[in-house]
Amino acid sequence: HEEALLDAHVYGHARDAPASAGFSAAAGARRSHLADHALLLDGVRALLGAGAIGADAAARVAAEFERHAEQYDGGYVDALSRAPA
C-alpha cells in the first residue's frame, strides 16, 4: 500500500521516466526506498522461518523499521498529507 501511495503521489514521474532520460535523483530515491522495504521484509521472513522469535530479535526488527521510517518515510509526510484521500 505504501509503495502504491508513493508512486501515485511522490515518485510517479520517476517510475515512468525512460532510462534514456538520464540521471534522476527521484528515481534513485525510489529504488533505494523500495530496496529497503525488500530488506525489511526479507528480515521478517527469515525470522518467521526460524520459528520462535525472541525479544532481542523482535527489538532488532522494530529498530530496523524505526530506522527506515526516520531515513525514508519522514521525508514524504508533507507530500502524502497533501495527496487527495
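As a starting point, this report considers the structure included with it. (Residues numbered from 1 in each chain as written. Predicted model: local features only at pLDDT ≥ 70, side-chain atom pairs only at ≥ 80, totals over all residues. Heavy atoms only, no water.)

### Quick word on the nonpolar core
This is how it is decided: Residues grouped as a nonpolar core are buried Ala, Val, Leu, Ile, Met, Phe, Trp, Tyr and Cys residues, joined through side-chain atoms within 4.5 Å. For every residue, the accessible area (1.4 Å probe, protein chains only) is compared with the maximum for its type, and the residue is labelled buried under 20%, exposed over 50%, or partly exposed between those bounds. Contact criterion: two residues are considered in contact whenever any of their non-hydrogen atoms come within 4.5 Å of each other.
Counting five residues, the largest nonpolar core is built from Leu-6, Val-10, Tyr-11, Tyr-72 and Tyr-76. Apart from residues lying up to four places away in sequence, Tyr-72 is in contact with Ser-32, His-33, Asp-36 and Arg-67.

### As for the environment of Leu-40
Short version of the rule: Numbering of helices and strands runs from the N terminus, with a helix taken as a DSSP run of H or I at least four residues long and a strand as a DSSP run of E at least two residues long.
One can find Leu-40 in helix 3 (residues 25–49). Classification of Leu-40 by relative accessible area gives buried; the value is 8%. Sequence separation between Leu-40 and Phe-65 is 25 residues; the distance between their C-alpha atoms is 7.2 Å. Residues in contact with Leu-40, not counting those within four places in the same chain, are Glu-64, Phe-65, Arg-67 and His-68.

### A word on the environment of Gly-74
Looking at the element boundaries, Gly-74 is found in the loop between helix 4 (55–71) and helix 5 (77–81). Classification of Gly-74 as partly exposed rests on a relative accessible area of 46%.

### What to know about helix 3
One turn of an α-helix holds 3.6 residues; hence residues three or four places apart share an orientation. Short version of the rule: A helix is expected to span 1.5 Å for every residue after the first.
The terminal C-alpha atoms of helix 3 lie 36 Å apart, and with 25 residues this matches the ideal 36 Å at 1.5 Å per residue to within 8%. Listing the buried residues of helix 3 in full gives Ala-27, Arg-30, His-33, Leu-34, Asp-36, His-37 and Leu-40. Of the residues trailing helix 3, Gly-51 is marked for its positive phi of about 100 degrees.

### Looking at the pattern of salt bridges
Cut-off, in case you're wondering: A side-chain nitrogen of Lys or Arg and a carboxyl oxygen of Asp or Glu constitute a salt bridge if their distance falls within 4 Å.
Considering all chains together, one arrives at four salt bridges under this definition. Among the ionic pairs, Asp-7 bridges to Arg-30, the shortest N-O distance being 2.6 Å. Separated by 23 residues along the polypeptide, Asp-7 in helix 1 (residues 2–9) and Arg-30 in helix 3 bring together distant segments of the chain. We classify Arg-30 as buried; its relative accessible area is 18%. Across the pair Arg-45 and Asp-42 runs a salt bridge whose closest N-O atoms are separated by 3.5 Å. One end of the pair, Arg-45, and the other, Asp-42, are both in helix 3, three residues apart, so they sit about a helical turn from each other. Taking relative accessible area as the criterion, Arg-45 reaches 52% and is therefore assigned exposed. Through salt bridges with shared partners, a single network forms among Asp-36, Glu-64 and Arg-67.

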